[in-house]
Amino acid sequence: MKLPLVVSVPHAGLRVPGEVASACALSAAEIAADSDGGAGEIYAIEAEVGAFVTTDVARAVVDMNRARDDRRLDGVVKTHTSYMAGVWDRPLTETEIEGLLAAYYDPYHARLTELGTAGRWPLGVDCHTMAAVGPPVGPDPGRERPWVCVSNADGTCPQEWVDTLREGFQQQLDGPVRVNDPFRGGYTCRSHSAEMPWVQIELSRAEYLPYDAKRQVVLAALAHWAERHA
């Protein structure tokens, strides 16, 4: 039986769209470093959940977990990666930025809205991996991170649900599982929580388990939540 969840995996992609590829200054390694390493393997759970949304576009190019009008260095169409590497050989034009948003960002969020307003699933889960140590652009530069962070921006879903997810992860792991630390929940959770409850989960990229084992931990924690609240 499928878990009654909408799952979003926004940062597993590595592709630079062809329309801006000639302007991209990043190496393949830099693109990978700015993506959620392992997310494609850990969150390969499409067959186990009610609905699943992802993209193959690299986070370093279009970040689905940012507001559409976020034009910071680390905003929706970035000028610099989390490690302060310049993304482009030249500034993108407004036409190019709008083209990227219309082609990739808008359909992603339209799909989440469609799923959230359908009334079929009780919870959306925005799924990420995080660097084991906070990067320069982040809430915790240089700090070692927990194995798992579960976050709800203090209100995008009931606190009891977050506590149940934390408990589900902690039952599977010997390392630290924290709530709203170092992340409190990103744009996806905050912007779509008016349509349905959302929670964000982040697994550290520290090598405490291989990808397939992390995937089983995620499924066990989500099933633990569903047993209590779905």
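Residues numbered from 1 in each chain as written. Predicted model: local features only at pLDDT ≥ 70, side-chain atom pairs only at ≥ 80, totals over all residues. Heavy atoms only, no water.

A. Just the pairing of strand S1 (residues 3–9), in detail. The buried count for S1 comes to 6 of 7 residues, which makes it a mostly enclosed element. As paired strands, S1 and strand S2 (residues 49–54) are joined by 5 bridges and run parallel to one another. The residue bridging Val-7 from the neighbouring strand is Phe-52, located in S2. Here S1 pairs with strand S3 (residues 123–130) via 4 bridges, running parallel. If you follow Ser-8 over to S3, its bridge partner there is Asp-126. (Buried < 20%, exposed > 50% of the residue type's maximum accessible area, 1.4 Å probe, protein only. Helix = DSSP H or I, 4+ residues; strand = E, 2+ residues; numbered from the N terminus. Pairing = 2+ DSSP bridges.)

B. Geometry of the packing of helix H4 (residues 159–172) against helix H6 (residues 211–229). Between H4 and H6, whose axes approach to 8 Å, the crossing angle comes to 140 degrees. Put simply, H4 runs oblique to H6. The chirality of how H4 crosses H6 is right-handed. On the side of H4, the interface is formed by Glu-160, Trp-161, Thr-164, Leu-165, Glu-167, Gly-168, Phe-169, Gln-171 and Gln-172, while H6 contributes Val-217, Val-218, Ala-220, Ala-221, Leu-222, His-224, Trp-225, Arg-228 and His-229. Residue composition of the contact of H4 with H6, grouped by class: 9 nonpolar, 6 polar and 3 charged. (Axes fitted to C-alpha atoms, helices over the stretch in contact; angles between N-to-C directions. Parallel < 35°, antiparallel > 145°, perpendicular 65-115°, else oblique. Left-handed = near helix turned anticlockwise from the far one by under 90°. Contact = heavy atoms within 4.5 Å. Nonpolar A, V, L, I, M, F, W, Y, C, P; charged D, E, K, R; others polar.)

C. Seen up close, the layout of surface pockets. Empty space within the largest pocket amounts to approximately 620 Å³. As for the largest pocket, its lining consists of 31 residues, and the residues nearest its centre are Arg-59, Arg-66, Asp-74, Phe-183 and Glu-202. Among the elements of the structure, S3, helix H5 (187–192) and strand S6 (198–204) are those that each provide at least two residues to the lining of the largest pocket. Ranked by the residues each element gives to the lining of the largest pocket, the list is headed by S3, at 3 residues. (1 Å grid on protein atoms, 1.4 Å probe; cavity = no way out; pocket = protein on both sides within 12 Å on 5 of 7 lines; lining within 4 Å. Points joined across faces, edges and corners; volume = space filled by probe spheres on them.)

D. Expanded view of the pattern of salt bridges. For the structure on display, the rule yields 21 salt bridges. Where Asp-63 meets Arg-66, a salt bridge forms, and the shortest distance between an N and an O atom there is 3.5 Å. Like Arg-66, Asp-63 is buried. With its nearest N and O atoms 2.6 Å apart, the salt bridge here joins Arg-72 to Asp-70. Arg-72 sits in the exposed class, given a relative accessible area of 51%. Here Asp-70 falls in the buried class, since its relative accessible area comes to 12%. (Salt bridge = Lys/Arg side-chain N within 4 Å of Asp/Glu carboxyl O.)

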